[in-house]
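Results of the structural survey
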Amino acid sequence: MRKALVVGGANGIGLSIATELAKRESIEKVYIVDKATVAGEFLCSKFETYQFDLTQEDYSIFEKFQDIDTLMITAGFGRLALFENIDEKMIPLYFNVNTIPVIRIVKRFYNKMNSRDDFYCGVMVSIAGFMSSPFFSIYAATKAALKVFIESVNVELLKSGSKNQILNVSPGSLKGTSFTNGRTDLCLTAPMAQAIISEMEKKNDLFIPQYEEVFKHVLERYHEDFRKEGAHSYDYKVHSGRIL
């Protein structure tokens, strides 16, 4: 029987992925590690939950989960704001939640990844990590760092002879999540959670939802003229009504 760990699984897409994994007969247990608690309405008999703040220095809690074969990291935050309006104290916090924990946790399970045994791993990154993202400057920087980290480690895994890969999941905004102070709605997030699990179990290294419909053209415009596309992104956010 398989066991999975979802870091950041107390709400949003992380909770949705944990829930979809728990529905599988092959999954015996889903560990959830999050600073927040799982609301009672979402609890499942297969869940084993732990409260942990990723900004802590001591990561020994992850020694408890060496029996897993599936790791999904979804923890992270971002708020729309111009760089000039971001408090300097928030800059290290962004990296200490969005970036450094992912690298530290991957390091904890790297021996499992770099083996002949199947190990499934995914990380929620963001399409913001692929291009300039005004109003998301620090957030995008944290995600760009993850993008390059994942690409680099995946090459090392392949060169070592392992078939395992880290899946970079890089969506735009997701409905039904609590990312921008919304409310978790598992009915809305279930199809995306199922798609992410499917891509992870195929051992793919990149999943950009709505790539053909939306982001293929966005990325093409960005690579043709990053300045122009950055200005377009700025105007789009201003007119979207998301800027407070």
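Now for a look at the structure at hand. As the structure is a computational prediction, the values presented were derived from the model and not from experiment.

On to the overall build of the protein chain, then. From N to C terminus, the protein chain includes eight helices and seven strands. Relative to the 2.2 N^0.38 estimate, which gives 18 Å for 244 residues, the radius of gyration of the protein chain is 18 Å and therefore close to what a compact globule would have. Seen through its principal axes, the protein chain has C-alpha atoms that stretch 50 × 45 × 35 Å. Looking at the protein chain as a whole, 48% of its 244 residues qualify as buried. Residue pairs in contact within the protein chain that sit at least 24 positions apart in sequence constitute 70% of those at least 6 positions apart. Element-wise, carbon and sulfur atoms account for 51% of the exposed surface of the protein chain, whose accessible area totals about 12,600 Å². Across the protein chain, 29 positive and 30 negative side-chain charges occur, with their mean positions spaced 1 Å apart.

Moving on: helix α7 (residues 211-224). Within α7, burial applies to F215, V218, L219 and Y222. Angular distribution of buried residues about the axis of α7 spans 95°; they occupy a single face of the element. With respect to the buried face of α7, the exposed residues turned more than 90 degrees away are E213 and E224. On the buried face of α7, the contacting elements are α8 (226-240).

Within the largest apolar cluster, 30 residues are counted, with the highest numbers of intra-cluster contacts made by L5, F62, F65, L71, I105, F109 and M113. Looking at which element gives the most residues to this core, the answer is helix α5 (residues 137-160), with five residues. Excluding residues within four positions of it along the chain, F62 makes contact with L5, V7, V33, F52, L54, I105, R108 and F109. Core analysis: the second largest hydrophobic core is formed by 25 residues, I13, L21, M124 and M200 among them.

This part takes up the sheet that holds strand β6 (residues 166-169). One open sheet accounts for seven strands, arranged β3-β2-β1-β4-β5-β6-β7; its pairing is parallel. Single-partner strands in this sheet number two, and they are β3 (47-51) and β7 (206-207). Here four bridges tie strand β4 (residues 70-73) to strand β5 (residues 120-124), and the two strands are oriented parallel to one another. Counterpart to I73 in the pairing with β5 is V123. The strands that α5 touches are β5 and β6; relative to β6, the one it contacts most, it runs at about 155°.

Our next topic: the pairing of strand β2 (residues 27-34). Taking burial as the measure, the eight residues of β2 include six buried ones, the bulk of the element. Pairing between strand β1 (residues 2-7) and β2: six bridges, direction parallel. Among the inter-strand pairings, L5 is bridged to a residue of β2, identified as Y31. In this view, the connection linking β1 to its parallel neighbour β2 by way of helix α1 (residues 12-22) has right-handed handedness. Where β2 meets β3, five bridges bridge the pair, whose relative direction is parallel. By the bridge assignment for β3, V30 is matched with F47.

So, on to the packing of helix α2 (residues 90-98) against α5. Where α2 meets α5, the axes come as close as 9 Å, and the angle between the chain directions of the two elements is 35°. For the crossing formed where α2 meets α5, the hand is right-handed. Mapping the contact onto sequence places I91, Y94, F95 and N98 in α2 and I138, Y139, A141, T142, K143 and L146 in α5. Partitioning the contact of α2 with α5 into residue classes produces seven nonpolar, two polar and one charged.

Turning our eyes to something else, we now look at the packing of aromatic side chains. A complete count under the given rule lists 11 aromatic pairs for this structure. On the numbers, 5.2 Å between centres and 75° between planes, the contact of Y50 with F65 is edge-to-face. With Y50 in strand β3 and F65 in the loop between β3 and β4, the pair connects residues that are 15 residues apart, well separated along the chain. Connected via pairs of aromatic rings, a cluster forms that spans Y31, Y50, F52, Y59, F62 and F65. Against the face of Y59 rests R104, its NZ or CZ located 3.8 Å from the ring centre. In this structure, K147 packs its charged tip against the face of F130, placed 5.1 Å from the ring centre.

Taken as a whole and judged by the stated rule, the model has 13 salt bridges. One salt bridge in this structure joins R24 and E201, with 2.7 Å as the shortest N-O distance. With R24 in the loop between α1 and β2 and E201 in helix α6 (residues 186-201), this residue pair connects regions lying 177 residues apart in the sequence. K203 is the partner of D118 in a salt bridge, and the nearest nitrogen-oxygen pair spans 2.5 Å. You can see D118 sitting in the loop between α4 (110-113) and β5 and its partner K203 sitting in the loop between α6 and β7, a full 85 residues away along the chain. Bridged by salt links that share partners, the residues R2, R24, D69 and E201 form one connected network.

Calculation rules
Residues numbered from 1 in each chain as written. Predicted model: local features only at pLDDT ≥ 70, side-chain atom pairs only at ≥ 80, totals over all residues. Heavy atoms only, no water. Helix = DSSP H or I, 4+ residues; strand = E, 2+ residues; numbered from the N terminus. Rg over C-alpha atoms; globule rule 2.2 N^0.38 Å. Buried < 20%, exposed > 50% of the residue type's maximum accessible area, 1.4 Å probe, protein only. Contact = heavy atoms within 4.5 Å. Areas by Shrake-Rupley, 256 points an atom, 1.4 Å probe, with all protein chains shown as cover. Lys, Arg positive; Asp, Glu negative; His and termini not counted. Charge placed at Lys NZ, Arg CZ, Asp CG, Glu CD. Arc of directions from axis to C-beta. Core = buried A, V, L, I, M, F, W, Y, C linked by side-chain atoms within 4.5 Å. Pairing = 2+ DSSP bridges. Axes fitted to C-alpha atoms, helices over the stretch in contact; angles between N-to-C directions. Right-handed = clockwise from strand over helix to strand, strands pointing away. Left-handed = near helix turned anticlockwise from the far one by under 90°. Nonpolar A, V, L, I, M, F, W, Y, C, P; charged D, E, K, R; others polar. Phe/Tyr/Trp six-rings, centres within 6.5 Å; stacked < 30°, edge-to-face > 60°. Lys NZ or Arg CZ within 6 Å of the ring centre and 35° of its normal. Salt bridge = Lys/Arg side-chain N within 4 Å of Asp/Glu carboxyl O.

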